[in-house]
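# Tertiary structure, described
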Amino acid sequence: MTPSGLPGAVGVVRPPRSPRTRLVVVSTAAVGQAAAVIIAAAVAARPTGVLGVATGSSPMSLYAALAGMRADGLATEGLSLVALDEYAGLAGDDPRSYRSYVGTHIAEPLGVPAARTFVPAGSTAAQGAEYERTIRRLGGVDLQIVGIGRNGHIGFNEPGSAFDSRTRPVELDPSTRIANAPYFGGDPAAVPARAMTQGIGTILDARAVVLVVQGRAKAEALAAALYGPITPDVPASVLQAHRNVTVVADTDAFEAR
Ligand code: GLP
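Residues numbered from 1 in each chain as written. Predicted model: local features only at pLDDT ≥ 70, side-chain atom pairs only at ≥ 80, totals over all residues. Heavy atoms only, no water.

### Brief notes about the overall build of the chain
Operational definition: Elements are defined by DSSP. Helices are runs of H or I of four residues or more, strands are runs of E of two residues or more, and each kind is numbered from the N terminus. What the globule rule says is 2.2 Å times the number of residues to the power 0.38, and the radius of gyration is computed from C-alpha atoms. Using a 1.4 Å probe on the protein chains alone, a residue whose accessible area is under 20% of its type maximum counts as buried, one over 50% counts as exposed, and one in between counts as partly exposed. Note that His is not counted, nor are the chain ends; the positive residues are Lys and Arg, and the negative ones are Asp and Glu. Charge positions come from single atoms, namely NZ of Lys, CZ of Arg, CG of Asp or CD of Glu.
Counting secondary structure elements, the chain contains 7 helices and 10 strands. Taken against the 2.2 N^0.38 rule, which gives 18 Å for 257 residues, the C-alpha radius of gyration of the chain at 17 Å falls within 12% of a compact globule. When burial is assessed residue by residue, the chain has 54% of its 257 residues classed as buried. The positive charge centre, built from 22 side chains, and the negative charge centre, built from 21, are 6 Å apart in the chain.

### Some details on the site of the ligand
This is how it is decided: Note on terminology: near, applied to a residue and a molecule or strand, indicates that one of the residue's heavy atoms is within 4 Å of it. The term polar contact refers here to a pair of N or O atoms within 3.5 Å; inside protein, the definition further demands a hydrogen-donor-capable atom paired with an acceptor-capable atom, and it admits residues adjacent in sequence only when both atoms are side-chain atoms. For every accessible area listed, the method is Shrake-Rupley and the probe measures 1.4 Å; residues are considered covered only by the protein chains on display. Gly is placed with the polar residues, together with every amino acid not listed as nonpolar (Ala, Val, Leu, Ile, Met, Phe, Trp, Tyr, Cys and Pro) or charged (Asp, Glu, Lys and Arg).
Taken together, 13 residues lie near the ligand, and S57, S58, D85, N180 and K218 sit nearest. In this structure, a nitrogen atom belonging to the ligand sits 2.8 Å away from a side-chain N or O atom of D85. Contact distances for the ligand include 2.6 Å between an oxygen atom and a side-chain N or O atom of K218. In isolation the ligand offers 390 Å² of accessible surface; the protein chains occlude 92% of this area. When the residues that make up the shell around the ligand are grouped by side-chain class, the tally is 4 nonpolar, 7 polar and 2 charged.

### Topic: the sheet that holds strand β10 (residues 245-250)
Note the cut-off: Following DSSP output, two strands are said to pair if at least two bridges run between them.
Read across the sheet, 7 strands follow the order β1-β10-β9-β6-β2-β3-β5 without closing on themselves; strand pairing throughout is parallel. Lying at the two open borders of the sheet, with one neighbouring strand each, are β1 (21-26) and β5 (117-118). Pairing geometry for strand β2 (residues 50-53) and strand β3 (residues 80-83), over 4 bridges, is parallel. If you follow G52 over to β3, its bridge partner there is V82.

### Brief notes about the pattern of salt bridges
The condition is simple: For this document, the term salt bridge refers to a Lys or Arg side-chain nitrogen within 4 Å of an Asp or Glu carboxyl oxygen.
For the coordinates displayed, the defined rule picks out 9 salt bridges. Linking R70 and E77 is a salt bridge whose minimum nitrogen-to-oxygen distance equals 2.8 Å. Where salt bridges share partners, they join R46, D142 and R207 into one cluster.

### Observations concerning the side chain of S161
To keep it simple, the criterion reads: It only takes one pair of heavy atoms within 4.5 Å for two residues to be counted as in contact.
Tracing the backbone through its elements, the reader meets S161 in the loop between β6 (143-146) and β7 (168-171). A residue is classified by how much of its surface remains accessible, and S161, at 9% relative accessible area, is buried. Here E158 takes part through its backbone oxygen, which lies 2.6 Å from a polar atom of the side chain of S161. Within the local environment of S161, its side chain forms a polar contact with the side chain of R168, the two groups lying 3.3 Å apart. Those residues in contact with S161 that lie beyond four places of it in its chain are R168, I200 and P232.

Have a look at this one:
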């Protein structure tokens, strides 16, 4: 399905396995704007809503596009931001921490104060439960932005994660530490071995989900998530079971066939 009016939408794509999943395939240059159009509609409908945010390279252009829309009058300052995940053992002001990413690339450009910006922290089950309470206190997540790992992970829910999992400390897959090594001087051993992540059950509770996917390295994971069976082996495949999911993918990540 390629809604018209979105910048750079391409012709015919194979529909996803779940008829409820909307799929938007655009050029790499248009990913940020296409995703931002969807997010902006939700923000305009509920300017004091709760926006779930993902880190990583894929949604970077989306945040830049949203900041541009704010400059054009979109009111984003009233939002609350709830992040998906965080490495364990990094100081919050470490530039490699997701707290730093959320501050620099999302909260500051969108004018959301620190008091309404939430990033999971720590490494204990109790701290995970505390984050769940924070989300509940906010009234739940209206729209959750997610990326996908090369191994199909969402947040830091690695393959094998339970579909009803909640925010909890997790161990990272060796493949994830390799994939994220470029942010740690190229050394997988320097990537923290543990993290705190919203669970798959937590993500599924969001009223809407937007999955942003870019790059050829994600093609296999995206195809498995969209067209494969719903299985813990591919955590993102669980999104087929959610009733309001939009996937924004670039043509590199989406291998039309
Ligand atoms: C990281 C994060 C995920 C992110 C994914 C993809 O490991 N924990 O939340 O979605 O990897 O990141 P990128 O977009 O940089 O490929």
